[in-house]
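These are the residues of each chain, in order.
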Amino acid sequence: MLLAQLLISGIQTGVLYALTAAGFALIFGATRIFHFAHGAAYALAGYGFVFAVRAGWSWPLAALLATVLAVGFGLFMDAFVYRPIQRHTGSFFTVFVAAFGVVIVVQSGIEIGFGRAFVAVTSPLTHASAVLPGLYLARAFWIALAVAVVMFGALGLFLARTRTGIALRALAENPDLLRAYGLSARRLSALAFALGSALAVPGAVLGAATTGLSPSVASHVMLVSLAASVVGGIGSLRGAAVGGLVLGVAESLVVSVLDTQWSEAAGFVVLFAFILFRPRGIFGAALAR
Amino acid sequence: MTAYLLNLAQLAAIFGLLAASLNVLVGYGGIFSVAHAVFFGFGAYAGAQIALNVTPDVLLVSIGGGLVAGVLSLALALPALRVRGEYFVVASLGLQMVATTIFIEAEPVTGGLGGLVGIPPPQLLGFSLASPWAFLAVCLAALLGGLATMRVLMRGSFGRSLMALRDSESAAEAFGKNVALLKTLAVALGCTIAGVAGGLFALQMAFVNVESFTLDQSVLVLAMVIVGGTGTLAGPLVGTLLLLLLPAALTFLPGIPPTEIGAVQQAIYGLAMALLMIFRPAGLAGRALGKR
């Protein structure tokens with residue numbers, strides 16, 4: 001029963017990881033920018049939500065604020081950090097260091113504003129009820145699952161059926177051809193950043209309402225979405241989703257064998273193994289070497 | 001005040017050596033490791049164990065630290081041979097996270113979260129180095145020795161092959177360079193020197209715990225190299241001085257509540273990293289790197 005319980009909490013974390021990682025994968029897939037600061041969008045959304053709820057806003061309004069913050073941050077990074085860097089150097093490492101600098105700024109800003117301790121909003125969502133003897137399910141589990149299914153479905157439809165979605169995929173394939181067809185690569189990349197950052201919001205809001213947030217959540221989420229994308233195959237949305245789920249479940253299941261301290265490390269052992277033995281991930285195309 | 005400055009100077013020498021060693025990987029080899037604090041940590045824990053159980057002799061401690069880190073550097077060389085670019089950064093991130101957990105959990109060796117305390121004052125061949133001046137001289141000697149080694153190696157055939165590999169791996173391979181061997185050696189060299197710095201660090205602090213070997217530390221060292229300028233001898237030193245002195249200088253700045261000073265320092269150095277990458281990506285003392 002313990003195993004089933006751990007599996008369930010693993011799935012709950014996993015689907016939220018999957019959404020966040022899908023945001024990262026969407027941005028990387030369309031723009032070829034390794035958005036290391038993706039975790040900061042998550043942290044801003046989560047803390048924005050906590051701030052609004054504490055200020056007495058209603059939940060939907062607070063979630064809206066969280067979305068605005070995350071999307072605003074994504075657009076800001078695209079326009080004022082990545083684009084200027086890409087104008088004069090193509091090096092991914094320059095991008096990485098700059099993004100990491102921004103993560104540090106966001107993290108310390110949150111520390112100054114909210115303190116180093118965990119913050120959370122109290123909610124009835126974590127109230128667990130027994131479905132089977134010894135097996136507890138909280139309402140948060142169903143919400144996380146439903147949100148993930150709806151958002152992935154919508155995203156899939158958007159990318160497959162709408163003109164803008166197809167243009168986004170074309171941007172990943174061949175930006176020059178896209179320009180030849182008269183579409184704006186800049187506007188599409190901004191759209192990718194907005195959408196990708198918005199995908200971090202459900203995880204952030206539910207995280208704030210269940211486990212709580214700490215300032216280091218920015219780097220943790222960044223690592224998780226990186227790991228999930230690599231495990232799934234970089235740039236592949238489906239891969240990122242599966243990777244996130246795998247990581248969440250692995251983190252949770254490892255607790256049944258080892259101490260809780262190992263739960264984060266477990267994900268990275270999986271990641272390390274993938275890089276050594278199957279660097280293109282589960283769904284990825286062969287690496288261009 | 002003198003004691004404070006001496007302490008700062010010792011740390012600057014140790015971190016200078018550490019940053020210079022990372023420069024071998026990042027600046028010359030094009031191996032963008034975000035796990036350098038891991039090898040600094042291996043060296044520090046090994047050095048601390050030697051000092052606690054055998055002798056606090058500086059030579060033995062730093063050589064022991066260097067050897068342990070050098071051997072374990074295979075853990076970093078392996079992914080470096082498999083993948084490049086973003087993938088390698090992610091792999092080294094993974095290594096860093098796993099190693100941090102191991103540092104916390106392997107209590108018999110590392111002392112866990114509490115760390116290893118009571119490391120005896122350093123000696124050199126039987127002479128006590130308890131005086132901060134004497135230990136500073138040792139740290140400076142190690143820094144100069146390390147820099148001289150790197151300069152000789154990087155100017156020679158090894159360094160030139162390494163830079164060729166950084167600029168174009170396939171071209172280097174076409175010229176008959178043994179890419180796998182070169183990368184492994186570069187990683188081993190950088191990590192060994194990081195281990196030596198770790199051994200010195202253990203003696204300098206007389207106390208080691210996991211706080212000094214986390215991702216934050218890896219990024220700080222990386223920032224030292226990048227801010228100063230990669231692929232140059234002076235760059236890492238400039239970066240080290242700047243990033244070590246910045247917190248010290250901020251302590252004297254009025255108007256910041258003492259409880260927030262850590263966060264404000266972090267914010268300033270994060271901002272400096274981002275702005276520098278946007279406006280001067282080659283660093284303060286460097287040339288442009290890794291244009292693709």
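The rules we used
- Residues numbered from 1 in each chain as written.
- Chains lettered and ligands numbered in written order.
- Predicted model: local features only at pLDDT ≥ 70, side-chain atom pairs only at ≥ 80, totals over all residues.
- Heavy atoms only, no water.
- Helix = DSSP H or I, 4+ residues; strand = E, 2+ residues; numbered from the N terminus.
- Rg over C-alpha atoms; globule rule 2.2 N^0.38 Å.
- Contact = heavy atoms within 4.5 Å.
- Areas by Shrake-Rupley, 256 points an atom, 1.4 Å probe, with all protein chains shown as cover.
- Expected span 1.5 Å × (residues − 1).
- Buried < 20%, exposed > 50% of the residue type's maximum accessible area, 1.4 Å probe, protein only.
- pLDDT = per-residue confidence, 0-100.
- Salt bridge = Lys/Arg side-chain N within 4 Å of Asp/Glu carboxyl O.
- Phe/Tyr/Trp six-rings, centres within 6.5 Å; stacked < 30°, edge-to-face > 60°.
- Buried area = accessible area lost by both parts, 1.4 Å probe.
- Polar contact = N/O pair within 3.5 Å; in protein donor to acceptor, adjacent residues only side chain to side chain.

A. Region of interest: the overall build of chain B. Scanning chain B from terminus to terminus reveals 13 helices and 4 strands. For 292 residues, the compact-globule formula gives about 19 Å, and the C-alpha radius of gyration of chain B, at 19 Å, lands near that figure. Across chain B, contacts joining residues at least 24 apart in sequence account for 78% of those joining residues at least 6 apart. Only carbon and sulfur atoms are counted for the fraction: they give 70% of the accessible area of chain B, which is about 11,800 Å².

B. Spatial organisation of helix α12 (residues 262–277) of chain A. Look at α12 of chain A: 22 Å from first C-alpha to last across 16 residues, which is about the 22 Å you get at 1.5 Å a residue. Taken together, the buried positions of α12 of chain A are occupied by Ser 263, Ala 265, Ala 266, Gly 267, Phe 268, Leu 271, Phe 272, Ile 275 and Leu 276 of chain A.

C. Summary view of the confidence of the model for chain B. All names here are of chain B. With 95% of its residues at a pLDDT of 70 or more, chain B shows a mean pLDDT of 83. Element-level mean pLDDT values for chain B span from 75 in strand β3 (residues 127–128) up to 90 in helix α2 (residues 36–53). The model gives residues 288–292 a pLDDT under 50, and that stretch makes 10 contacts with residues more than four places away or in other chains. Predicted as a complex, the structure gets a pTM of 0.83 and an ipTM equal to 0.78.

D. Structural context of the pattern of salt bridges. Residues and elements named next belong to chain A. This model, assessed by the stated rule, comprises 3 salt bridges over all chains. In this structure, Arg 83 and Asp 78 form a salt bridge, with 2.8 Å as the shortest nitrogen-oxygen distance. Side by side, Arg 83 and Asp 78 carry an identical accessibility label, which is buried. Across the pair Arg 179 and Asp 176 runs a salt bridge whose closest N-O atoms are separated by 3.1 Å. Pair noted here: Arg 179 and Asp 176 are both in helix α7 (residues 175–180), with a separation of 3 residues, about one helical turn.

E. Seen up close, the packing of aromatic side chains. Counted by the stated rule, this structure contains 20 aromatic pairs over all chains. Aromatic side chains Phe 28 of chain A and Phe 34 of chain A sit 5.0 Å apart centroid to centroid with 85° between the ring planes, which places their arrangement in the edge-to-face category. For Phe 34 of chain A, a relative accessible area of 3% translates into the label buried. Taking the centre distance of 5.7 Å and the plane angle of 55° together, the rings of Phe 15 of chain B and Phe 40 of chain B count as tilted. Here the residue Phe 15 of chain B occupies a position in helix α1 (residues 2–28), and Phe 40 of chain B occupies one in helix α2, the gap between them amounting to 25 residues. Each member of the pair, Phe 15 of chain B together with Phe 40 of chain B, is buried. Taken together, Phe 15, Phe 39, Phe 40, Phe 42, Tyr 45, Phe 103, Phe 201 and Phe 213 of chain B form an aromatic cluster joined through their ring pairs.

F. Region of the structure containing the interface of chain A and chain B. With 45 residues of chain A at the interface, the matching set in chain B holds 46 residues. When chain A packs against chain B, the two sides together hide about 4,100 Å² of surface, and 78% of this comes from carbon and sulfur. On inspection of chain A and its partner chain B, the count reaches 0 salt bridges. On the surface where chain A and chain B come into contact, there are 1 residue pair in polar contact (both at pLDDT 80 or more). When residues of the side of chain A that touches chain B are traced back to their parent elements, those giving at least two are α3 (59–88), α4 (92–114), α10 (217–232) and α12 of chain A. Ranked by the residues each element gives to the side of chain A that touches chain B, the list is headed by α4 of chain A, at 14 residues.

G. Structural detail: the side chain of Ser 189 of chain A. The residue Ser 189 of chain A is located in helix α8 (residues 185–198) in this model. Beyond its immediate stretch of four places on either side in the chain, Ser 189 of chain A contacts Thr 31, Asp 78, Arg 83 and Leu 171 of chain A.

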